[in-house]
Each structure stands twice: as C-alpha cells, then as structure tokens.
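# Fold and geometry: a report
Each chain is listed here by its residues.
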Amino acid sequence: MASKKPKITIKPFRHQIQVDPNYAENTWKLLKGAIHEIHKRNASGLSFEELYRNAYNMILHKYGDRLYKGLQQVVDEHLRGVAEDVAGSVDDAFLESLNQAWTDHKVSMLMIRDILMYMDRVYVQQHNVPPVYDLGLMLFRDNIARSTRVKDRLLKTILGMIQKERTGEMINRGLLKSITQMLIDLGVNSRSVYEEDFEKHFLETSSNFYKAESQEFISTNSASDYMKKVSTRIREEMDRVAHYLDSSTESKIKEVVEKELIAAHMKTLIEMEGSGCIALLADDKSEDLGRMYNLFARVSNGLEFMKDKISNYVKETGKKMVQDPNKQKNPDQYVQSLLDLKDKYDKLLVQAFNSDKTFQHSINQAFEYFINLNQKSPEFISLFIDGKLKKGQKGISDEEVEVIIDKVMMLFRFLQEKDVFEKYYKQHLAKRLLLGRSISDDSERNMIAKLKTECGYQFTSKLEGMFTDMKTSAATMEKFKASKEWNQTHGVTLSVHILTTGFWPAQSASKCNLPTELSNCCEVFKKFYLDVNQGRRLTWQTNMGTGDVKAYYASKNHEFNVSTYQIVILLLFNERKEMTLKEIQEATAIPEADLKRNLLALSMGRFKVLNQDEKTQNVSMTTKFAYNAAFKNNLVRVKIPPLGRVQDQGQRQQMRQKVDEDRKHQIEAAIVRVMKSRKTLEHASLVAEVIKQLSSRFLPDPVIVKKRIESLIEREYMERSKTDRKVYHYVA
Amino acid sequence: EWQKFKELRIDGPTKLKSYIPQLSNELKNPDTFKKIYQYSFNWGKNIQSSNKGVLEIDTAIELLTLILGSQTKGYKHVDSFCEYLKETPTVRAMNRDQWDTFYTFSKTMNDKFDNYDEDAAWPTLIDEFVAWKRKKGCSKSILRSNY
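Residues numbered from 1 in each chain as written. Chains lettered and ligands numbered in written order. Predicted model: local features only at pLDDT ≥ 70, side-chain atom pairs only at ≥ 80, totals over all residues. Heavy atoms only, no water.

### Concerning the overall build of chain A
- Of regular secondary structure, chain A possesses 30 helices and nine strands.
- Here the C-alpha atoms of chain A give a radius of gyration of 49 Å, more than 25% beyond the 27 Å that 2.2 N^0.38 yields for 732 residues.
- Looking at chain A residue by residue over its 732 residues, the buried ones come to 45%.
- The contacts in chain A between residues at least 6 apart in sequence include a share of 70% that link residues at least 24 apart.
- The centroid of the 113 positive side-chain charges in chain A is displaced by 5 Å from the centroid of its 98 negative side-chain charges. (Helix = DSSP H or I, 4+ residues; strand = E, 2+ residues; numbered from the N terminus. Rg over C-alpha atoms; globule rule 2.2 N^0.38 Å. Buried < 20%, exposed > 50% of the residue type's maximum accessible area, 1.4 Å probe, protein only. Contact = heavy atoms within 4.5 Å. Lys, Arg positive; Asp, Glu negative; His and termini not counted. Charge placed at Lys NZ, Arg CZ, Asp CG, Glu CD.)

Pasting the structure below:
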C-alpha cells in the first residue's frame, strides 16, 4: 500500500490588527490640535513626519471621511472667529486686517496641506471633493470675503482708495495688489470672485467717474488741453492695472475710458471753436492733431469720423480758393496756392496722421473734387508750368525747377479734363519754341517725359514732333542761308520755322495781306523750299510770326520787336498818319479779334507806338489810330510785350468749342472700338465701357455718349437689336 | 400689301387718311400693324418734297396721328408727342431709329411714365420729350386720371 502525502496548505498570515475604535478619534484629536497650533502660528514645535504619518494611517484605515469632515469643521470654525476680528476693525485698519488674515490663512493652509498631502492624493481623487488648499480657499471666501459684514465694506474701501488716487492722492498700492490677488485666488481656478465682487463694480464706477469728469473738463477747456488730459488718464489707468489690478482688467478699463473720454466727445472735439480739429488744421498744429489721431484711433469709427471731417474741410477750403476772383486773375498765384495747400497736407499726413493711407486717399479725393470745380484749372496749370520753363527765372536752379514741376504733376493727376490741359500745353509750348523762350531743351524734354509716364505715348507724340520740327527748321535755315535765294530778299532778313501740320496747335489758315516787302520774301523762300522738297504744301501762318521793324523818329531811332500782324499794321502808317479800325481791317484782312488784340498792344500797352482816340479796351470800328510821332524810350531796341498769356472770354470759348468737337470724335471712336471687339453689347454696359476707356483724358457725359450712339446708328455703324431695344449690334 | 399703296396711288396723307378705315381689319393684327407703321416711315420719306434720309417733322406728325392715333387704345402719348414736336424748333426731323423706337415707347409706356427708365437706351429725342412732358403736364395728367 502507497502512503498519501499529507496536504499542506499555506494560509496567509492574518494579522489581527486590533483597531481601537477610538483610534480614529484619537488620531484626529492629535491632528486637530496640530491644526490649532498652526492657526495660532505656533507650528515650530510640531513634527511634520509624525503628523503626516497619522494622516496617512487614517486614510489607510478608511477614516478619510472623518479626516476630511473634521478638517472642514476646524477651518470653518477658525475662520469665523477671524471674520469677527476683521469685521470689527476700524476703517483705517480694515484692509490691513483683512490682508493680514489672508496672509495668515495662506500660510496655515499650506502647512495643513503638506501634512494632509496623502489625503489629497488618494481620498480627494476617489471621492471627488475639493483638495485641501482649495477647500481652505472656499471656506475663507464664504466666511470672510463674502460675509455680509465684510463684502460690501471691502468693495467700498477699495473703490474709495482708487477714487482718491484718481484725484491725486497717494495710496497703498502694495496692499491693494495683495487684496486683488486674494480675490483672484478665491475664485478657485476661475476669476468669478474677482469679477463679481470687484471688477464689475470697478468698471461701473469708473465709467460714471469719467463721464462726469470729461463732461466738466471739455466744457471748460480747449480741445488740445482736453486731449492731453485724456492721454494722461489713459496712461494712469494702464499704470493702475499694471500695479495692482489683474491683467484681465486692462482691456476692459481701456474700453471704458476710451468710450467715456473719447467716443462720447468726438463731435465736440472736431468742431470746437478755436481748438477743435478744424481750427488745428487751419493753424497747422501738427502735435495736437497727432494726439487727436492717436486717441481717435482707439475708438471704432473714430478715425472714419475724423477723416470725413477733414475731407470736408479740405473740400471747403479748396473750393473757396479756386473760386476766389482775385486768384483767378493771376494764374501763377492760383496754382501756387494750390501747391501750398497740397504741401501743407502732405506735411500733416506725415507728422500728425502717421502717413495713414486712408487719410491720404480721402484728402486726394477732396483735391480732385475742388480742382475740377474751376474749369480754368487745366489752363492755369499749363501756364504755371510755362512760367517755370521760360527763360528769365531769377535765382532758381534746375533742380529746384524740377522739384516744383514734380509737385505740379501731382496737381495734374487730379485734373479730370486732361485733354483741355493738352491743348493749352501745346499752345504754350509752341510759343516757347517759336519765340525761343525755353530755359533749356533738357527741361522741356524732362517735362514731356513726365507727361508720357502719366498719360501715355499718345499724349506726347505730337509734342515730340514739335521738337523735331524745330531741329529740322534750323537745318533748313542753314541751307537757305547758303543758297542763292538768300540774297533775293532785298534787305529783309528772313528766318523761317517749318511746322508739320498736325503736330502744332491747329490754326485755321490765317488771312493777311502782306505788304510787298514781306510777300516778296515769302515767295523767295517758297521757291527755295519747294525746289528741295517737292510735293509739299506750304501755308504761311502769319498769326504766329514775329519780327523786328526799324522806326525812324525825330529824336532817336528805335527798333521794335513785334508780331507779324503788328508789322503789317505798322507799315500801313508809312502811307497814312491816321486810320480807323475799319480801314485797317480792310487793308490788312486780319481777322477782327486778332486785329483788336494786336492794335491794343500797340496803343494801350506800356509802349505807346500808336495813339488811340478813345482810350478804352473796347475798341470799335470807328476808333481812330494814329502814328505817335512823340514816342520816346531810353532803349533803342524795344520789345512790345506779347499779348496776354491768359486767354480772354472769347478765346476761351473758342478753345472750349474745339475741345467739345474733339471729344465728340473721341467718344465715337471709343464706341466703335468697343462695339467692334464685343459685337453685341447692352446700352448701360456700352456707356460704362466707353467712359472707362476715356477716363484718363476726360469724363464723358453719358447723355452725350448716348447722342453719339444715335448718330452712329443713323450712319449705320451699329444698329439696335430687333429683339431687345436696349442691345446694340456692331455693323461690319 | 405695300403694293396696295402704290396701286391705289396714295400719294399724300389725305388719301391715306381716307384709306385707313378700309385697312382696319388688317390693322387689328398687331404684327401687321407694326410692319405698316415701320413701312410708313419709308413711304413718308419718299413722298416728302426734299430727298433726305429722315422724316420731316410735319410729315412725321401727320403720319403718327393717322396711324397710331387711329387706334382707339393701346398707343399712348401720341398727341402730346406731336405737340412736343410742334413746339420744339430744334427738332426738325426724325430718323428711322427714333421712328421705330417711338412705336415701342408708345405701346409700353404708362400714362405717367412710371415705367420709364432714364438709363435705358431710349433715344435722346424721347428722353427730352419725357422731360418736357413731365415739366409741363404733371398736374393736368393727375387730374385727368382721377376721373
């Protein structure tokens, strides 16, 4: 028989720990005592290790509940006592006492937390209750910070201190910082206590304070002083936040201040008499304007508002300027004031408005608006440039001229009627070239290059043609001088400029009965020229020439430099001493308007070569002109000043008519161009497209465009669609 | 159809006037009517004394009154347009485009020009007529429409 092995079972060693039912209570009593000592700031005698172990054991033996509840009770009780102390303190010491209680509490709770750390790690997690430190915060909050005797008093005290500081007193910032930090902490991972108990009210009282202050200040002070104060206040508030408020308040208080101090008073600040935005602009106060810009930038729509007001002011000033009758008498002054105005705002843009592009744009628009209010602007700008490109400028260097011209080009860009400018510029250039008055070829070419950049090749090709003509003419003259015909002019020295038609300003063939001396010369030259250049046609432009004529007086002999027409007129007086306007006209066949102008220059100008019986600018057919035998002048050679640079009404009307004619053709050309490429187009789109294409030269009136369309329909360049009346078709 | 004009030797507005009632049946058909209207421009051009590409005002007025005016309803503003033509010395003739467009204008336009669009492609002649009429007869037409 086999023997059975005995079964050995190994049982776990069960240590019967006799847990003394009082164990938990005893341990708790120990810990409680320790907490009391901590509260009494008497913790030096405690053993951290022992206390920690005790707490640890309690948790281990499942007495966590007891521990936690006990903790809660002890702290709660203690804090109630503290609350009494705090509430009982006098006003001056109130904040200090609260702060002290808070500091003490924090110290105590830290120590308590360290002791009870195991509970935090294990019990708190499992039972989802607030950890020790947070529990302490909540107890402090409910017992002290929000206790009925403390809460309101606390708020009042803080706000009171802030108010004091705003009126200039020094306060204890460190204390306040500690208190606000306390409020933040008491929120336990949220800012709710700080915001509810303090910030909300702070913002409200600040708003009221600034509302009142700004109202009072703005009614008794200038805008610039007010703005200085606003800047100061803003700085102060930022400072306040940095020193003793929570950073989350920064944007909120900024908003309040900006609203009450700036937004609420924008209109007043702009319009205030003597110191508002308008006044500052008038006086060029760039520093104040800069401050205003920066302040208004803080408020939504602030800059929009300011920009619009400035734009309107610029429009008004500009409008007055261009409509000022005094300025209109003197083109140079007119343009110079425009330049000065532009300079002023360019400077302000940089110095005060931070080169803000929207401001620049709106000011430019204002300039565009008022410059085009006066129809003479293109003419005057051309005259101004003419003045700068002529000889005889005193003390201005080439670089300075270029700078001025660049500035004028900025004004040119604002012109809507650039085609009018082109016509005038051509005229003025023609005069400069023919009379030899330009400073230098270089300056002229520079100017043309600038115009080319602005307006394209079309604009300037004819101008360049004029230059070429001058060169060719010079070469032709050389040949003429060397030719056999040169000596056939019988004592009259002839110089001829040959102008290609189309390049030069369009002139109708001017009539004039040349005296034999002159017509003889013309024939001689014509023969010479046509020998060399067959197939060309020469037409004498008697209205554009000049010449020297010798006059023999009793006292002294003079030489007059006059226009061709004037030569013809003066030579008449070789035959007769006195003639009426009618007789002169019949003899010379010069057109009436030109004749009058030329006669007046001889009879009513500075040098009275002729006498006029009725001394008036309005000459009539019966006005008599006589040879002035008593003419005297110190100089031998006398230059009769050329006729007025500025056009008179009649000339201007003529010019306008030419411009309108040209525009009609250009509009039609544009219409045909557009229709040719699009084949079919709706009325509104066609008009829009045409306007767009021509906008670099002028702004066509939609009604005129429509008329041109109808004219083109009549001439069968295009037709209306049979199905839709608003649609046009191109007719090939 | 148009041969008929030649056949009957309608060589003047007066004869046309007397012929209109006979055409009344054909005139009731809107397409035919439109063609007759458009044709009348050519016909009017040919019978007038001068040889131009446009219809002189007097002829235009007569034709408009005859043709459009003969329809009792459906074509508005005929009388006032003729009045405008008479009163405006700068307008001396109508071209084909204006003639044709007036047809559409007269047919579609309300009494008070409510549905008149200034930016649409009406010929300037008609734009000016509307402006003239508005300045002139606003109050009158309001009165009339109340009855």
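Right, picking up where we left off after that structure.
### Things to note about the overall build of chain B
- In terms of regular secondary structure, chain B is built from seven helices and two strands.
- Helices and strands appear in chain B in the N-to-C order α-α-α-β-α-α-β-α-α.
- When the 147 residues of chain B are sorted by exposure, 43% land in the buried category.
- With an accessible surface of roughly 8600 Å², chain B has 48% of that area assigned to carbon and sulfur atoms. (Areas by Shrake-Rupley, 256 points an atom, 1.4 Å probe, with all protein chains shown as cover.)

### Here's the deal with the packing of helix α8 (residues 173-186) of chain A against helix α9 (residues 192-220) of chain A
All names here are of chain A.
- At their nearest, the axes of α8 and α9 sit 6 Å apart, and the two run at 130 degrees to each other. Here α9 runs oblique to α8, going by the angle between their axes. Together, T180, L183, I184 and L186 of α8 and V193, Y194 and F198 of α9 make up the contact between the two elements.
- Here the contact of α8 with α9 is composed, by residue class, of six nonpolar, one polar and no charged. (Axes fitted to C-alpha atoms, helices over the stretch in contact; angles between N-to-C directions. Parallel < 35°, antiparallel > 145°, perpendicular 65-115°, else oblique. Nonpolar A, V, L, I, M, F, W, Y, C, P; charged D, E, K, R; others polar.)

### Description of the interface of chain A and chain B
- Each partner contributes residues to the interface: chain A has 11 residues there, and chain B has 15 residues.
- Considering only the side of chain A, the residues that lose the most area to chain B are K706, E710 and R725 of chain A, jointly responsible for 50% of the buried surface there.
- Linking chain A with chain B are three salt bridges.
- A salt bridge links E128 of chain B to K707 of chain A; the nearest nitrogen and oxygen atoms lie 3.7 Å apart.
- For the pair chain A and chain B, the number of links is five residue pairs in polar contact (both at pLDDT 80 or more).
- If you tally residues by element for the side of chain A that touches chain B, the top one is helix α30 (residues 702-714) of chain A, at six residues.
- For the side of chain A that touches chain B, the residue count by class is three nonpolar, one polar and seven charged. (Buried area = accessible area lost by both parts, 1.4 Å probe. Salt bridge = Lys/Arg side-chain N within 4 Å of Asp/Glu carboxyl O. Polar contact = N/O pair within 3.5 Å; in protein donor to acceptor, adjacent residues only side chain to side chain.)

### Brief notes about the side chain of Q98 of chain B
- Relative to the helices and strands, Q98 of chain B resides in helix α6 (residues 96-108).
- Overall, the relative accessible area of 10% leaves Q98 of chain B in the buried class.
- If we skip the residues at most four places from it in the chain, Q98 of chain B touches E710 of chain A together with A93, P123 and L125 of chain B.

### Concerning the sheet that holds strand β2 (residues 557-563) of chain A
Residues and elements named next belong to chain A.
- Read from one edge to the other, the open sheet built from three strands follows the order β1-β2-β6, with strand pairing classed as mixed. Each having just a single partner strand, β1 (546-552) and β6 (637-639) make up the two edges of the open sheet. The average angle at which neighbouring strand axes cross in this sheet is 25 degrees, direction not considered.
- Pairing between β1 and β2: seven bridges, direction antiparallel. Paired with Y552 across the bridge in β2 is N557. (Pairing = 2+ DSSP bridges.)

### Considering the pattern of salt bridges
Residue and element names in this part refer to chain A.
- Following the criterion strictly, the structure yields 62 salt bridges over all chains and no others.
- Its salt-bridge partner being R240, residue E165 comes within 3.0 Å of it at the nearest N-O pair. On the criterion of sequence distance, the pair formed by E165 in helix α7 (residues 148-166) and R240 in helix α10 (residues 223-244) is long-range, its members being 75 residues apart. Side by side, E165 and R240 carry an identical accessibility label, which is buried.
- When salt bridges with common partners are traced through the structure, they connect E165, R166, R173, E237, D239 and R240 into a single cluster.

### Quick notes on the packing of aromatic side chains
- Scanning all chains against the criterion turns up 37 aromatic pairs over all chains.
- Plain terms: the ring middles of F525 of chain A and F528 of chain A are 5.8 Å apart, the flat faces sit at 55 degrees to each other, and that makes the pair tilted. Of this pair, F525 of chain A and F528 of chain A both sit in helix α24 (residues 516-532), three residues apart, which is roughly one turn of that helix. With respect to class, F525 of chain A is no different from F528 of chain A; both count as buried.
- Arranged with centres 5.0 Å apart and planes meeting at 85 degrees, the rings of F81 of chain B and F129 of chain B form a pair that is edge-to-face. With F81 of chain B in helix α5 (residues 78-87) and F129 of chain B in helix α7 (residues 124-146), the pair connects residues that are 48 residues apart, well separated along the chain. There is no split in this pair, since F81 of chain B and F129 of chain B are both buried.
- Taken together through their ring pairs, the aromatic side chains of F81, Y84, F102, F105, Y116, W122, F129 and W132 of chain B make up a single cluster.
- Sitting over the ring of Y345 of chain A, K344 of chain A keeps its end group 5.9 Å from the ring centre.
- When the ring centre of F412 of chain A is taken as reference, the NZ or CZ atom of K418 of chain A above it lies at 5.7 Å. (Phe/Tyr/Trp six-rings, centres within 6.5 Å; stacked < 30°, edge-to-face > 60°. Lys NZ or Arg CZ within 6 Å of the ring centre and 35° of its normal.)

### Focus: helix α29 (residues 683-694) of chain A
Residue and element names in this part refer to chain A.
- The end-to-end C-alpha separation of α29 is 17 Å, in line with the 16 Å expected for 12 residues at 1.5 Å each.
- Inspection of α29 places H683, L686, V687, E689, V690 and L694 among the buried residues, and these make up the whole buried set. The buried residues of α29 all sit within an arc of 165 degrees when viewed along its axis, so they share a single face.
- Where α29 is buried, its residues meet α28 (649-678), β7 (680-682), α30, β8 (718-720) and β9 (727-730). (Expected span 1.5 Å × (residues − 1). Arc of directions from axis to C-beta.)

### Regarding unusual backbone geometry
Residue and element names in this part refer to chain A.
- The backbone of K62 shows a phi angle near 65 degrees, a positive value even though the residue is not glycine.
- Assignment of secondary structure puts K62 in the loop between α2 (48-60) and α3 (64-88).
- Unusually for a residue other than glycine, N301 sits at a positive phi of about 70 degrees.
- Relative to the helices and strands, N301 is located in the loop between α14 (286-297) and α15 (302-323).

### Some points on α6 of chain B
All names here are of chain B.
- Taking 1.5 Å per residue, 13 residues should reach 18 Å; α6 reaches 19 Å between its end C-alpha atoms and fits that length.
- All buried positions along α6 are accounted for by D97, Q98, W99, T101, F102, Y103, F105 and S106.
- You can read the cap of α6 off the contacts: a side-chain oxygen lies 3.1 Å from the backbone nitrogen of D97, and it is on N95.

### Description of the pairing of β9 of chain A
All names here are of chain A.
- With three bridges connecting them, β7 and β9 associate as antiparallel partners. Bridging from a neighbouring strand, E682 pairs with V727 of β9.
- Here β8 runs beside β9; their pairing, made up of three bridges, is antiparallel. What sits directly across from M718, in β9, is Y730.

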